[in-house]
Amino acid sequence: MARFKDYNYDQTKMIPISFDRQILPGTFEHSLTYLIENELDLSIFSARYQNDDGGAPAYDPAILLKIVLLAYSRGITSSRKIEQLCRENILFMAVSADSQPHFTTLADFISGSADEISKLFLQVLMVCDAEGLIGKEMFAIDGCKLPSNASKEWSGTHADLKKKKAKIDRAVKRMLSKHREADKHDLSDDIIKRQKLQCDKLKQTSKKIKQFLAENEDRKGVSGKTVQSNITDNDSAKMKTSHGVIQGYTGVAAVDSKHQVIVQAEAHGQGQEHNLLQPSIDDAFTNLSLSNKKKKQIKITADSGYHNQKSLEYLNANKIDAYIADTGFRARDPHFKTYERHKPNDRLKPKIKFTVDDFKVSIKNKSCTCPAGKAMWLKCLDGKIGNQRFMQFQGYEKDCFTCQLKSKCLRNPAQQSARQVNIKLGMTADKKEGLIEKMKQKIDSSLGRHIYSQRLGTVEPVFGNINTNIGIKRFSLRGKQKVNAQWQLMSMIHNVFKIHRFAWNGA
Ligand code: SF4
């Protein structure tokens, strides 16, 4: 019979721990502590402390920063969990030199340091630059929608919220009258207590909505239209994602193509990104203090969410070499012609009716013969519909009204006009010279497609790294400023990983 060594859980063991020896060279925590101790200027935190002449000494911001960044690098953003780690985890004990700050200290440090975090993000970016991790050849811009610390159930326009409040008030009224009725009968104390609690909760909710409506105006979206407000975090927005509708923020990042370093990061409480291209590019250029010459050399790529006339005008005015896809980009790409999801939307085409292709047309001879073999007359030689030029032909009423094929040809066989066909001649001159058309031609060229193809491999893995590898899948704070600080912390951690992996590996 096999024999095993004895073991016993009912015992204690004292282990001597040298904190220094826990932070091993070559590890991420070693790079992190080296970065904070030797490369970052933490005097930016000094103004927060006014205890020179009295009061208890504060925790060193270097210690707090090390703990917070180490926790974020493991996908932990909860201050309570970070406090717990500092008490129970040897590595956190070592990195924090066994400081064990209270979770409120950690929470205040993160939520009250938005400006300092912004400056630290830049300092880390400068280290990336000094280490040669930023190629400055192509920046890819995109956004990552993450849920925040607010429920979408508390969203709505002021009109929606007023309705919701009225509904709650009615429910309270109903419950009170039910309660009075129940008083006449003998109900157990437990049931009465539960009903009272429920009623108080609804009253509180109604009060909360009332207060919100009194203190806030209806929220306006980018286009000036009224959008849904949120009672818990009015800076956040209800947005559609591939995983359903969430209440949250869009973390926008401009990413350099060389080592996928994030050169600009900002969180926005809106789902639409079409107005965010200009601020992202401007901030990315400012963050890296680029010369005007360099700004014109860097290529910018962004997906169709950033494509609009205003952005293209900005790019054109500033002579920025940008490659911005439009919604029809994939449908025009011959490489995607077999992809069902990129096929042009032809739902509106009358499938059982004759199309232009069924008519025999000679633009040179200015002639057209219909499917019934009848000649049609030239109605317009060079007309214009929108930005498209057309040659237009029309059938003769005598032919169409008696035609056997009219059910397949006319939109409505009973119509009192003959069939018309518009033959495309091309785009109008102003459209040809338009910025949207120019961008289409630029991105459809072989070079354009080649440069744009790098966008996906540049920016998408960054979001994958933050969400999946690091494991941060949501914002835990409320309010644009605090959420922005959290997004910059996430981006900073991503960049510290790049420094650790590509610059100091094995340091
Ligand atoms: S309806 Fe008129 S245009 Fe159409 S096939 Fe008949 S004759 Fe030709």
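Coordinates for the structure precede this section.
This is a predicted model, so every value here is computed, not measured.

Conventions we followed
- Residues numbered from 1 in each chain as written.
- Predicted model: local features only at pLDDT ≥ 70, side-chain atom pairs only at ≥ 80, totals over all residues.
- Heavy atoms only, no water.
- Helix = DSSP H or I, 4+ residues; strand = E, 2+ residues; numbered from the N terminus.
- Expected span 1.5 Å × (residues − 1).
- Buried < 20%, exposed > 50% of the residue type's maximum accessible area, 1.4 Å probe, protein only.
- Contact = heavy atoms within 4.5 Å.
- Core = buried A, V, L, I, M, F, W, Y, C linked by side-chain atoms within 4.5 Å.
- Salt bridge = Lys/Arg side-chain N within 4 Å of Asp/Glu carboxyl O.
- Axes fitted to C-alpha atoms, helices over the stretch in contact; angles between N-to-C directions.
- Parallel < 35°, antiparallel > 145°, perpendicular 65-115°, else oblique.
- Nonpolar A, V, L, I, M, F, W, Y, C, P; charged D, E, K, R; others polar.
- Pairing = 2+ DSSP bridges.
- Phe/Tyr/Trp six-rings, centres within 6.5 Å; stacked < 30°, edge-to-face > 60°.
- Near = heavy atom within 4 Å.
- 1 Å grid on protein atoms, 1.4 Å probe; cavity = no way out; pocket = protein on both sides within 12 Å on 5 of 7 lines; lining within 4 Å.
- Sits in = over half its atoms within 2 Å of the grid points.

Right, let's talk about helix α2 (residues 28-39) for a bit. In this model, α2 (12 residues) spans 15 Å end to end at C-alpha, consistent with the 16 Å of a helix rising 1.5 Å per residue. For α2, the set of buried residues is F28, E29, S31, L32, T33, L35 and I36. The elements touched by buried residues of α2 are α3 (61-73), α5 (90-95), α7 (114-130) and α19 (480-503).

What follows is about the nonpolar core. F139, I281, I300, L315, I324 and W487 are the most contacted members of the largest nonpolar core, which has 93 residues in total. Contacts of I300, omitting those with residues within four sequence positions, involve F139, I141, I281, F285, I320, D321, A322 and Y323. In this structure, F354, M376, M391 and V421 belong to the second largest nonpolar core, which totals 10 residues.

Here we take up the pattern of salt bridges. Applying the stated criterion to the full structure yields 17 salt bridges. A salt bridge links E266 to K480, with the nearest nitrogen and oxygen atoms 3.1 Å apart. Residue E266 is found in strand β8 (residues 262-268), and its partner K480 is found in helix α19; the two are separated by 214 residues along the sequence. Look at E266 and you get buried, because its relative accessible area is 19%. A salt bridge links R332 to D326, with the shortest nitrogen-to-oxygen separation between them at 2.8 Å.

Our next topic: the packing of α3 against α19. Look at α3 against α19: their axes get within 10 Å of each other, and the N-to-C directions meet at 80°. By the angle class used here, α3 and α19 are roughly perpendicular. Of the residues in α19, those in contact with V68, L69, Y72 and S73 of α3 are Q486, L489, M490, M492, I493 and F497. For the contact of α3 with α19, the per-class residue count stands at 8 nonpolar, 2 polar and no charged.

Moving on, we get to the sheet that holds strand β15 (residues 420-427). Pairing is antiparallel in the open sheet, where 5 strands are placed in the order β11-β12-β13-β14-β15. Of all the strands in the sheet, just β11 (360-362) and β15 have a single pairing partner and so form its edges. Each strand axis lies, on average, 25° off the axis of its neighbour in the sheet, ignoring direction. Where strand β13 (residues 375-385) and strand β14 (residues 388-394) come together, 6 bridges link them in antiparallel fashion.

Enumeration according to the criterion identifies 9 aromatic pairs in this entry. Consider the rings of F28 and F497, whose centres lie 4.1 Å apart with planes at 15°: the pair is stacked. A residue pair is termed long-range when its members are at least 10 positions apart, and F28 in helix α2 and F497 in helix α19 qualify at 469 residues. Take F28 and F497: they sit in the same class, and that class is buried.

Surrounding the ligand, one finds C370, A372, D399, C400, C403, C409 and R419. Judged by the fraction of its atoms near the pocket grid, the ligand is located in the largest cavity. Per-class residue counts for the shell around the ligand are 5 nonpolar, no polar and 2 charged.

Attention shifts here to the pairing of β14. Counting buried residues along β14, 6 of its 7 residues qualify, which places the element largely inside the surrounding structure. Between β13 and β14, which pair antiparallel and follow one another directly, the connecting turn spans 2 residues, one of which, G386, has a positive phi of 65°. Bridge analysis of β14 against β15 gives 7 bridges, and the strand direction is antiparallel. Within β15, the position partnered with Q388 by the bridge is M427.

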